[in-house]
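What the coordinates show
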Amino acid sequence: MEAVKAKNKTFKKIGFTYLETAEIVVSLNTILANYQVFYNKLRNFHWNIEGPEFFELHEEFEKEYNTVKENIDIVAERIRVFGVKSNFSLKRTLELSKIKEQEKNMSALEMIREVLKDYEIIHDSLLDGVNAALDTGDVATEKMLTDFITELEKRHWMFTSYLK
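Residues numbered from 1 in each chain as written. Predicted model: local features only at pLDDT ≥ 70, side-chain atom pairs only at ≥ 80, totals over all residues. Heavy atoms only, no water.

A word on the nonpolar core
Counting 41 residues, the largest nonpolar core has Leu 28, Tyr 35, Phe 61, Val 75 and Leu 126 as the members making the most contacts within it. Going through the elements one at a time, helix 1 (18-48), helix 2 (54-81), helix 4 (108-136) and helix 5 (139-163) are the ones with two or more residues in this core. No other element matches the 11 residues that helix 1 contributes to this core. (Core = buried A, V, L, I, M, F, W, Y, C linked by side-chain atoms within 4.5 Å. Buried < 20%, exposed > 50% of the residue type's maximum accessible area, 1.4 Å probe, protein only. Helix = DSSP H or I, 4+ residues; strand = E, 2+ residues; numbered from the N terminus.)

Here you go:
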């Protein structure tokens with residue numbers, strides 16, 4: 001096993017070398033950035049929803065951002081498993097994220113459409129991470145990301161159904 005010296009402590013990465021995990025870490029960093037921008041967007045939707053859908057969507061956006069908040073922590077900790085630190089500034093997060101901030105006021109239906117658009121971006125980045133994990137034989141990262149995909153696909157169906 002490869003050992004990395006950090007502040008007089010030895011950190012051992014179990015089963016993988018730094019080079020083997022580089023593509024996984026790049027994918028996880030993109031996922032982390034996407035989730036962080038998405039989290040902020042969901043918080044804004046939660047705070048700014050208006051109209052007849054207020055009570056229902058206010059709660060749904062809260063449920064969604066709480067799930068995303070948990071996923072952010074899980075992804076960042078997975079990156080740490082590989083001996084890499086996730087030191088993201090807001091600027092770096094915005095550079096890495098394929099999800100873009102939304103600054104205009106939106107109706108409830110526009111917010112739902114925006115969430116669905118962002119789900120597609122997150123889904124693609126999760127699949128990239130799954131493929132990187134599978135290429136390396138990293139079943140733990142693959143399972144983690146597959147679990148995220150399963151939940152995301154369910155929520156996508158629910159929000160899509162809401163629009164009909």
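Here the narrative resumes.
Details of the pattern of salt bridges
Here the structure, examined in full by the defined rule, presents 10 salt bridges. We note a salt bridge from Lys 41 to Glu 114, for which the minimum N-O separation is 2.7 Å. On the criterion of sequence distance, the pair formed by Lys 41 in helix 1 and Glu 114 in helix 4 is long-range, its members being 73 residues apart. When its relative accessible area of 4% is taken as the criterion, Lys 41 is described as buried. A relative accessible area of 9% places Glu 114 in the buried class. Taken together, the shared-partner salt bridges connect Lys 41, Glu 114, Lys 117 and Asp 118 into one network. (Salt bridge = Lys/Arg side-chain N within 4 Å of Asp/Glu carboxyl O.)

Quick notes on helix 5
In this model helix 5 runs 36 Å from its N-terminal to its C-terminal C-alpha over 25 residues, within 8% of the 36 Å that 1.5 Å per residue would give. Residues of helix 5 that are buried: Thr 141, Met 144, Leu 145, Phe 148, Ile 149, Leu 152, Arg 155 and Phe 159. (Expected span 1.5 Å × (residues − 1).)

Observations regarding the environment of Ala 108
Turning to its location among the elements, Ala 108 is positioned in helix 4. A residue is classified by how much of its surface remains accessible, and Ala 108, at 6% relative accessible area, is buried. Between the C-alpha atom of Ala 108 and that of His 156, which follows or precedes it by 48 residues, the distance is 16 Å. Filtering out sequence-adjacent residues up to four positions away, Ala 108 remains in contact with Ile 49, Glu 50, Glu 53 and Leu 57. (Contact = heavy atoms within 4.5 Å.)

Some words on the packing of aromatic side chains
All chains considered together, the criterion is met by seven aromatic pairs. A centroid spacing of 6.0 Å and a plane angle of 80° characterise the contact between Tyr 35 and Phe 148, whose relative ring orientation is edge-to-face. You can see Tyr 35 sitting in helix 1 and its partner Phe 148 sitting in helix 5, a full 113 residues away along the chain. Of the two residues examined, Tyr 35 and Phe 148, each falls in the buried class. Three or more aromatic residues joined by ring pairs make a cluster, and in this case those are Phe 38, Phe 45, Phe 61, Tyr 119 and Phe 159. (Phe/Tyr/Trp six-rings, centres within 6.5 Å; stacked < 30°, edge-to-face > 60°.)

Regarding the packing of helix 4 against helix 5
Each pair of packed helices gets described by two things: the angle between the helix axes and the distance between those axes. Across the interface, helix 4 lies against helix 5 with an axial gap of 9 Å and an inter-helix angle of 160°. Between helix 4 and helix 5, the interaxial angle falls into the category roughly antiparallel. Note on packing geometry: the crossing formed by helix 4 with helix 5 is left-handed. For the contact of helix 4 with helix 5, a count of residues per class yields 18 nonpolar, six polar and five charged. (Axes fitted to C-alpha atoms, helices over the stretch in contact; angles between N-to-C directions. Parallel < 35°, antiparallel > 145°, perpendicular 65-115°, else oblique. Left-handed = near helix turned anticlockwise from the far one by under 90°. Nonpolar A, V, L, I, M, F, W, Y, C, P; charged D, E, K, R; others polar.)

Regarding empty space enclosed by the protein
This model, assessed by the stated rule, comprises one cavity of 30 Å³ or more. Its volume calculated, the largest cavity comes out at about 90 Å³. Around the largest cavity, the lining residues are Tyr 35, Phe 38, Glu 64, Thr 67, Val 68, Asn 71, Tyr 119, Ile 122, Phe 148, Glu 151, Leu 152 and Arg 155. Of the residues belonging to the lining of the largest cavity, the class tally is seven nonpolar, two polar and three charged. (1 Å grid on protein atoms, 1.4 Å probe; cavity = no way out; pocket = protein on both sides within 12 Å on 5 of 7 lines; lining within 4 Å. Points joined across faces, edges and corners; volume = space filled by probe spheres on them.)

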